[in-house]
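Single-letter residue listing:
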Number of protein chains: 6
Amino acid sequence: MTVLMSSLSWVAYQERLQDDGLVLLLPCGALEQHGPHLPLGTDALLSAAIAQAVATKVHGLVAPTLSYGYKSQPKSGGGQHFPGTTSLDGQSLSQITRDVIREFARHGVKNLVVVDGHYENQWFLTEGIDLAMRALGTTNPLRIMRLEYWDFCTEETLKHVFPDGFPGFALEHAAVIETSLMLHFYPELVALDQLPDHSPADFPPYDMYPTRTEWVPPSGVLSSAKGGSAAKGAMMAEQITASIAAAISHEFSRS
Amino acid sequence: MTVLMSSLSWVAYQERLQDDGLVLLLPCGALEQHGPHLPLGTDALLSAAIAQAVATKVHGLVAPTLSYGYKSQPKSGGGQHFPGTTSLDGQSLSQITRDVIREFARHGVKNLVVVDGHYENQWFLTEGIDLAMRALGTTNPLRIMRLEYWDFCTEETLKHVFPDGFPGFALEHAAVIETSLMLHFYPELVALDQLPDHSPADFPPYDMYPTRTEWVPPSGVLSSAKGGSAAKGAMMAEQITASIAAAISHEFSRS
Amino acid sequence: MTVLMSSLSWVAYQERLQDDGLVLLLPCGALEQHGPHLPLGTDALLSAAIAQAVATKVHGLVAPTLSYGYKSQPKSGGGQHFPGTTSLDGQSLSQITRDVIREFARHGVKNLVVVDGHYENQWFLTEGIDLAMRALGTTNPLRIMRLEYWDFCTEETLKHVFPDGFPGFALEHAAVIETSLMLHFYPELVALDQLPDHSPADFPPYDMYPTRTEWVPPSGVLSSAKGGSAAKGAMMAEQITASIAAAISHEFSRS
Amino acid sequence: MTVLMSSLSWVAYQERLQDDGLVLLLPCGALEQHGPHLPLGTDALLSAAIAQAVATKVHGLVAPTLSYGYKSQPKSGGGQHFPGTTSLDGQSLSQITRDVIREFARHGVKNLVVVDGHYENQWFLTEGIDLAMRALGTTNPLRIMRLEYWDFCTEETLKHVFPDGFPGFALEHAAVIETSLMLHFYPELVALDQLPDHSPADFPPYDMYPTRTEWVPPSGVLSSAKGGSAAKGAMMAEQITASIAAAISHEFSRS
Amino acid sequence: MTVLMSSLSWVAYQERLQDDGLVLLLPCGALEQHGPHLPLGTDALLSAAIAQAVATKVHGLVAPTLSYGYKSQPKSGGGQHFPGTTSLDGQSLSQITRDVIREFARHGVKNLVVVDGHYENQWFLTEGIDLAMRALGTTNPLRIMRLEYWDFCTEETLKHVFPDGFPGFALEHAAVIETSLMLHFYPELVALDQLPDHSPADFPPYDMYPTRTEWVPPSGVLSSAKGGSAAKGAMMAEQITASIAAAISHEFSRS
Amino acid sequence: MTVLMSSLSWVAYQERLQDDGLVLLLPCGALEQHGPHLPLGTDALLSAAIAQAVATKVHGLVAPTLSYGYKSQPKSGGGQHFPGTTSLDGQSLSQITRDVIREFARHGVKNLVVVDGHYENQWFLTEGIDLAMRALGTTNPLRIMRLEYWDFCTEETLKHVFPDGFPGFALEHAAVIETSLMLHFYPELVALDQLPDHSPADFPPYDMYPTRTEWVPPSGVLSSAKGGSAAKGAMMAEQITASIAAAISHEFSRS
């Protein structure tokens, strides 16, 4: 049975809403360069894949992905100068987040999980959630969990994925974690023969505007993607989605 | 080879952009009730399917679909009171349209087709396009075609689809045309056993706010979907996409 | 006795509001080219004239006209490239609509009719009404009717006005209907000797941006205005305003 | 010959624009209580009347009036608690001002006069003008004069109108000046038998929110309107419009 | 004991809020040229100094100053062409005013005084207050006083400060009043040797855009600052703050 | 000599601008709970103190602090439920950032450093900077550095400050770093006797809305502030400001 809200008729969706415990997940991605080996849609694809895997575990539903995200930053996504990176203004992202949450609340959704797969989205999603909560008022029963999926990686998983030591999430753009997850979920979209293997980017503790494009590796990948594998992806996917499902059960079954 | 921009790496996308004649298509849908037999994502699914079929014909690319659209109106989409219908404020839709067009122009896209599959989107897409064109200035080479795909149906096609006479697009929400196209493109998402068959809605020549929900058939379908078939869908899809492809060739090959 | 709200003192207006059945009409026009024979203010003038005629019939009041409207489109108004056409951004039009409705509700108005005389306004008026209704909340007694006046033309009237067959509203910009109504309501503003008589514009089923100005007849008139007459205008005005008055009685006298 | 832009066809308007010295005037009013003797539309009516009189003198044109203005303040307009007062948010007023100015500049207008007849409008008109000028850039030839018409009253005129001493513009809302001008321009809209004659309002040097409605005379008139007359109105109208015309000649004939 | 809210811990602030009569003052300034002898921060510095002096008298607290204000106008602040003048768009100023008031209300503040020290701020502060009051709804107990501090100058004080006659507040930008108050509150920031002494600016009864910079004295001072002294500043400061304190007691001790 | 822009006259500021290498620093803070021992203004005070220390080193100027910041988050600032925390909407913060940058560019500033002292500000400052850069266009010479000052702490400094191991910046709200810096810069504002010493907060890898206030220590401090000292503050301040000054020299002296 589908977990996609968009595949249900309104009648079927309404039936699912009779269950007060129903959890709706909203994947939030981006259209952003991910090196020569991963597709532009990586963040949208991964947030959707993880949301669907979690939905299967918690008998939830997944709303259509927000496919466009906030502007790519040099230190986390390579920056806005790459062709293909297609970003929204902060206000636009906050507004569509606010709008759809307001609608879900009107439907009677009580448990919403915003599954972010694009680092730069976080604060504008947070603002959109806040604007929606303000509009809904304090008596609305809607509760929202917002998460960046990689934050659920356990130490143990990271040790397994990075046997030589985890370099930190900061430079993980289009690198081992995303490459492994893509190899697991969408192997046909990974160009393994294009895998870049260069030393990691080295950024100073500040940002410059206009962007210093020379700080960013020409590949758009911030650290080596070598070492990524479908097996690692499968392992991470299983652990992350199990942990998210557990968090959902913990938070949303509270009376 | 994929026509999906989101499946390309930025390097592959950049290569495609070397061709000044490259056409990018942006499908615009909605998450909106479509009766008991069609899924909530119908407009997004159909605009994407048609954009992809056209892209194949014109060797173009398809950007990620705008999955959420403007507010459903009683006379064209049943109205905002149905669960599942999840809409954006007009300003939000115009802004994301403006934002992504501005980005496509930065990439160097010169030929963009906005493929609208949700009637209510039209004016806010138009405004978003206008805001983008203003921001880009008069010297930018980007040219945009905006279309609602059903407007490409020829008289001949309509005669074939409606042997007893075409009742007009006005009441075609979730009725014969959309049902047939869904049966063609996504047969697994159509619940043929739920097909409503009631007399068409009869609206007065004005609108009332708050919505007079009693004007709208409880099914959400504005006229009978009986008579829809995969064969009719295939025929319409072929004619419409061929006509759109011809229009694209006509407009965008002008020097 | 005047039907113009702007001609009443606040004391007189307050007295009128004691009647819960009082209907307030808000005409919405534009400043837009209407060919060489009709004035730029045609849409504002006609929506005001019709609103006043209706107000007389239903003992209502008419608020000051929104004199500037949304951007003119090539297929319905000739487009933004004509001198004189003076349009608002979509958000601006929606906001002033929202603002004045919120104020009318504060006064205690319970029955409002938004009388649109400019085709391009429809969706931004709709959005403004929706924003106002949201701000007012679900307990506010205000009910609103929104209409484009020409939609009240009966088949019978159209047959009379177009003895050779009605070409459809699509190309009626500055053509027989508007010319006739102007000859009826404001004969001194019509330059009959400038009446264009060319074959109707022929538009493809899509729009292009920047505007393909060569699609639009240089006169700005989309189909021939020949055949317009004051007598036809009088007949249409009488039928339309009677029908609107009847609709108002029907909708607003419901308890 | 008409001075109303809305009464001209686009062709006639275009002809007028061939003259680089053409002056366009934009009246800005309000819908606001003006005591029991003056109509709600007073500010719109007077700014339009004065703009037209000036246009006649300088062979200019008058654009449609902005009929709704910024929120009425207790000390200058009585405040927002009166029925009939129908105001815009500040941002809305600034945006429509910006929008129409941008359009006039597109037409080729080089000399624009914003004729304000509602005290509370001033700053939001100023902001709208600034937003338009920023959008137009520094090379656009458009020059704008913004004025509140009463500021052109000379000392001599004031002495004549107030033989016992001018109490200041601060309390002149719906009092001698506006009453006299309305008696001159629109005598049929003045209810002389309702003329209030009470001592002037006495405001402290601060404002309170929510409005202290008890500070405002129940009539809505801030000082006595006794002493107003059509003759005084005629005299003021003549002096003010002559002075504005002289200022226009002075400013806009500079090369 | 400090009157600065920013110097209190949240625990100490919370204790102060137990007193329903607590008055919070919000100073609103600007960063704007004030001639060659006064610093750019004059309006922020003076509104803060006066707010603190008043707070001491009424046992109130002072929130952090809004240090940037609305755009400087030629007739009141010299205009936007001076280096150093750093202004906000009107909407920006209204929004931050709305935001902080909404927050103060959430804290439980019941008595707020907005102390404006920059003439151009007034209307955008007013709009911000109105937007906040609308958001808070009619049941919120927050009451707000908004004032421009110079309006509390009594006739007697003005006679003392201007023994040769008060030229009016209109041209008092960076002139005797502000110079005297700065000499009293911040003598180290006044460059007495740079004091300009030229004849006052003479403005026509209208404004021009783009700004006629030739109307404004090159010094940026609109009338002579000669005659300013610390003693006059002390006297004005004492009278003004005592009057504001009295107004606060009068307004906020009402049950 | 002062480094405060607000203490300079426009003439003195203009002189400083003759030096193309002049660096302007804009401190960005917040009004936010910082436990029972630190004042609400901590972030504004520290960003200003650091900006001034850096300005002294690089012969730069410091613009007035943005005293109000983005909404406090539970995991970094305790959350919005504390009295005293006074935050702006994201759009408001982005807009004032955009506005003042646009003005600095108009003055001729070529080197701007945005010194952020409030973690939650980062993304809305980034957006404001981007909006300003877009408005200024690609030819404007303004270059901007944005930094969060704590990111300049070296490993060596952290070792010295946390001899038992650095717990990470995540929980450093109102803890050892900020307490030490406040003891160095503003000792009179620290209530050492109120220093909380409890175990650090323990947050799950997601956020919940409405805020789970039970996750946040009642003190508002996220980890122990014990171990903070003025000496450590002095050491950190010296190292951080020296490092920032070096970065400025490195970036802004490039031709």
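From a predicted model like this one, the values you see are computed outputs, not experimental measurements.

**What to know about the overall build of chain A**
Reasoning step 1: Secondary structure summary: chain A contains eight helices and seven strands in total.
Reasoning step 2: The globule rule puts the C-alpha radius of gyration for 255 residues at 18 Å, and the 18 Å found for chain A is close to it.
Reasoning step 3: Oriented by its inertia axes, the alpha-carbon framework of chain A measures out at about 55 × 40 × 30 Å.
Reasoning step 4: Burial analysis of chain A (255 residues in total) assigns 68% to the buried set.
Reasoning step 5: Contacts in chain A between residues far apart in sequence, at least 24 positions, make up 77% of those at least 6 positions apart.
Reasoning step 6: Total accessible area on chain A is roughly 8400 Å²; 54% of this is exposed by carbon and sulfur atoms.
Reasoning step 7: Taken together, the 16 basic and 27 acidic charged side chains of chain A have centroids lying 7 Å from each other.

**Thoughts on helix α5 (residues 122–136) of chain A**
Residue and element names in this part refer to chain A.
Reasoning step 1: When the terminal C-alpha atoms of α5 are compared, their 21 Å separation across 15 residues agrees well with the 21 Å that a helix rising 1.5 Å per residue should span.
Reasoning step 2: Burial runs high along α5: 12 of the 15 residues are buried.
Reasoning step 3: Taken residue by residue, α5 has Q122, W123, F124, L125, T126, E127, G128, I129, L131, A132, M133 and L136 as its buried positions.

**Concerning the pattern of salt bridges**
Residue and element names in this part refer to chain A.
Reasoning step 1: In the structure shown here, the tally under the stated rule is 90 salt bridges over all chains.
Reasoning step 2: Across the pair D89 and K71 runs a salt bridge whose closest N-O atoms are separated by 3.2 Å. Here D89, found in the loop between β4 (87–88) and α4 (90–107), pairs with K71, found in the loop between β3 (69–70) and α3 (74–77); they are 18 residues apart in sequence, far enough to count as distant. Per residue, the accessibility class of D89 equals that of K71, and both read buried.

**A word on the interface of chain A and chain B**
Reasoning step 1: On the chain B side, the residues contacting the 51 residues of chain A number 51 residues.
Reasoning step 2: Taken together, the two surfaces of chain A and chain B that pack against each other cover about 3700 Å², and 58% of this comes from carbon and sulfur.
Reasoning step 3: Of all residues in chain A, the largest losses of buried area upon contact with chain B belong to A:W10, A:Y68 and A:P83, amounting jointly to 19% of the total for that side.
Reasoning step 4: At the junction of chain A with chain B, the criterion picks out four salt bridges.
Reasoning step 5: Between B:D89 and A:R98 there is a salt bridge; the shortest N-O distance is 3.5 Å.
Reasoning step 6: Taken together, the connections running from chain A to chain B amount to 33 residue pairs in polar contact (both at pLDDT 80 or more).
Reasoning step 7: Those elements that provide at least two residues to the side of chain A that touches chain B are α1 (10–17), β4 and α4 of chain A.
Reasoning step 8: Here the element with the most residues in the side of chain A that touches chain B is α4(A); it accounts for 12 residues.

**Focus on the sheet that holds strand β6 (residues 143–148) of chain C**
Reasoning step 1: With mixed pairing, the five strands of this open sheet are ordered in space as β7(B)-β6(C)-β5(C)-β1(C)-β2(C). Two strands in the sheet have a free side with no partner beyond their single neighbour: β7 (207–209) of chain B together with β2 (61–62) of chain C.
Reasoning step 2: One ladder, built from two bridges, connects strand β1 (residues 23–28) of chain C with β2(C); its direction is parallel. Across the sheet, the residue bridging to C:L25 is C:V62, located in β2(C).
Reasoning step 3: Seen against the sheet, helix α8 (residues 230–252) of chain C touches β7 of chain B together with β1, β5 (111–116) and β6 of chain C and runs at an angle of roughly 155° to β6(C).

**Let's talk about the side chain of D:S76**
Reasoning step 1: As for its placement among the helices and strands, D:S76 is situated in helix α3 (residues 74–77).
Reasoning step 2: Setting aside chain neighbours within four positions, we find D:S76 in contact with D:Y119, D:E120, D:A170, D:H173 and D:L222.

**A short note on helix α7 (residues 176–185) of chain D**
All names here are of chain D.
Reasoning step 1: Among the 10 residues that make up α7, eight are buried, leaving the element largely enclosed by the rest of the structure.
Reasoning step 2: V176, I177, E178, T179, S180, L181, M182 and L183 are the residues of α7 that are buried.
Reasoning step 3: Elements in contact with the buried residues of α7: α2 (42–58), α6 (155–161) and α8 (230–252).

**Observations regarding the arrangement of the chains**
Reasoning step 1: Chain A shows no contact with chain D. Their nearest C-alpha atoms sit 17 Å apart.
Reasoning step 2: For the non-touching pair chain B and chain E, the nearest C-alpha separation works out to 17 Å.

**Re the pairing of strand β6 (residues 143–148) of chain B**
Reasoning step 1: The buried fraction of β6(B) is high, at five of six residues.
Reasoning step 2: Viewed along the sheet, the connection from strand β5 (residues 111–116) of chain B through helix α5 (residues 122–136) of chain B into β6(B) turns out right-handed.
Reasoning step 3: Summarising the sheet, β6(B) and strand β7 (residues 207–209) of chain C pair through three bridges and their orientation is antiparallel. Following the sheet pairing, B:R146 is matched in β7(C) by C:D207.

**Some words on the packing of helix α2 (residues 42–58) of chain F against helix α7 (residues 176–185) of chain F**
Packed helices, taken two at a time, are described by their axes: the angle between them and the distance between them.
All names here are of chain F.
Reasoning step 1: Packing of α2 against α7 leaves a shortest axis separation of 11 Å and a crossing angle of 60°. Both α2 and α7 take part in a crossing whose hand is left-handed. Residues T42, D43, L45, L46, A49 and I50 of α2 form the contact with α7, whose own contacting residues are E178, L181, M182 and F185.

**Notes on the sheet that holds strand β5 (residues 111–116) of chain F**
Reasoning step 1: Read from one edge of the open sheet, five strands run β7(A)-β6(F)-β5(F)-β1(F)-β2(F), paired in mixed fashion. In this open sheet, the two strands that pair with only one neighbour each are β7 (207–209) of chain A together with β2 (61–62) of chain F.
Reasoning step 2: Here β5(F) pairs with strand β6 (residues 143–148) of chain F via six bridges, running parallel. Looking at the pairing, F:V113 lines up with F:M145 of β6(F).
Reasoning step 3: Set on the sheet, α2(F) makes contact with β1 (23–28), β2 and β5 of chain F; between it and β1(F) the angle comes to about 165°.

**Focus: the relation of the copies chain A and chain B**
Reasoning step 1: Overlaying chain A on chain B yields an RMSD of 0.0 Å, the required transformation being a rotation through 180° with an accompanying axial translation of 0.0 Å. On the angle and the small slide along the axis, the relation comes out as a two-fold axis. Considering only C-alpha atoms, the part of chain A nearest the rotation axis is A:S92, at 3.1 Å.
Reasoning step 2: When you check the interface residues of chain A against chain B, 100% turn up at the interface there too, and the contact is symmetric in its surfaces.

**A short note on the pairing of β5(B)**
Residues and elements named next belong to chain B.
Reasoning step 1: Among the six residues that make up β5, six are buried, leaving the element largely enclosed by the rest of the structure.
Reasoning step 2: Of the two faces of β5, both are covered, the one formed by N111, V113 and V115 as well as the one formed by L112, V114 and D116.
Reasoning step 3: Of the strand pairs in this sheet, strand β1 (residues 23–28) and β5 are connected by six bridges, and their pairing is parallel. Residue pairing across strands places V23 opposite N111, the latter belonging to β5.

**Quick notes on the confidence of the model for chain A**
Reasoning step 1: Averaged over every residue, the pLDDT of chain A is 96; residues scoring 70 or more account for 99%.
Reasoning step 2: On the interface metric, ipTM, the complex scores 0.97, and its pTM is 0.98.

**Some points on the state of the cysteines**
Working definition: the covalent bond between the sulfur atoms of two cysteines is a disulfide.
Reasoning step 1: Taken as a whole and assessed by the stated rule, the structure comprises zero disulfides over all chains.
Reasoning step 2: Here C:C153 stays free of any disulfide, with the sulfur of C:C28 as its closest cysteine sulfur at 19 Å.

**Observations concerning the environment of F:A174**
Residues and elements named next belong to chain F.
Reasoning step 1: Tracing the backbone shows A174 in the loop between α6 (155–161) and α7.
Reasoning step 2: In the structure, A174 is positioned 25 residues away from S199 in sequence and 14 Å away in space, judged by C-alpha atoms.
Reasoning step 3: Apart from residues lying up to four places away in sequence, A174 is in contact with H34, G35, H37, L38, T179, V221 and A225.

**Some points on unusual backbone geometry**
Residues and elements named next belong to chain A.
Reasoning step 1: With an omega of -5°, the peptide bond running from Y209 to P210 counts as cis.
Reasoning step 2: Structurally, P210 is set in the loop between β7 and α8 (230–252).
Reasoning step 3: Phi is positive for A174, close to 60°, though the residue is something other than glycine.

Cut-off values and rules
- Residues numbered from 1 in each chain as written.
- Chains lettered and ligands numbered in written order.
- Predicted model: local features only at pLDDT ≥ 70, side-chain atom pairs only at ≥ 80, totals over all residues.
- Heavy atoms only, no water.
- Helix = DSSP H or I, 4+ residues; strand = E, 2+ residues; numbered from the N terminus.
- Rg over C-alpha atoms; globule rule 2.2 N^0.38 Å.
- Buried < 20%, exposed > 50% of the residue type's maximum accessible area, 1.4 Å probe, protein only.
- Contact = heavy atoms within 4.5 Å.
- Areas by Shrake-Rupley, 256 points an atom, 1.4 Å probe, with all protein chains shown as cover.
- Lys, Arg positive; Asp, Glu negative; His and termini not counted.
- Charge placed at Lys NZ, Arg CZ, Asp CG, Glu CD.
- Expected span 1.5 Å × (residues − 1).
- Salt bridge = Lys/Arg side-chain N within 4 Å of Asp/Glu carboxyl O.
- Buried area = accessible area lost by both parts, 1.4 Å probe.
- Polar contact = N/O pair within 3.5 Å; in protein donor to acceptor, adjacent residues only side chain to side chain.
- Pairing = 2+ DSSP bridges.
- Axes fitted to C-alpha atoms, helices over the stretch in contact; angles between N-to-C directions.
- Right-handed = clockwise from strand over helix to strand, strands pointing away.
- Left-handed = near helix turned anticlockwise from the far one by under 90°.
- Least-squares fit on C-alpha atoms with pLDDT ≥ 70 in both.
- pLDDT = per-residue confidence, 0-100.
- Disulfide = S-S within 2.5 Å.

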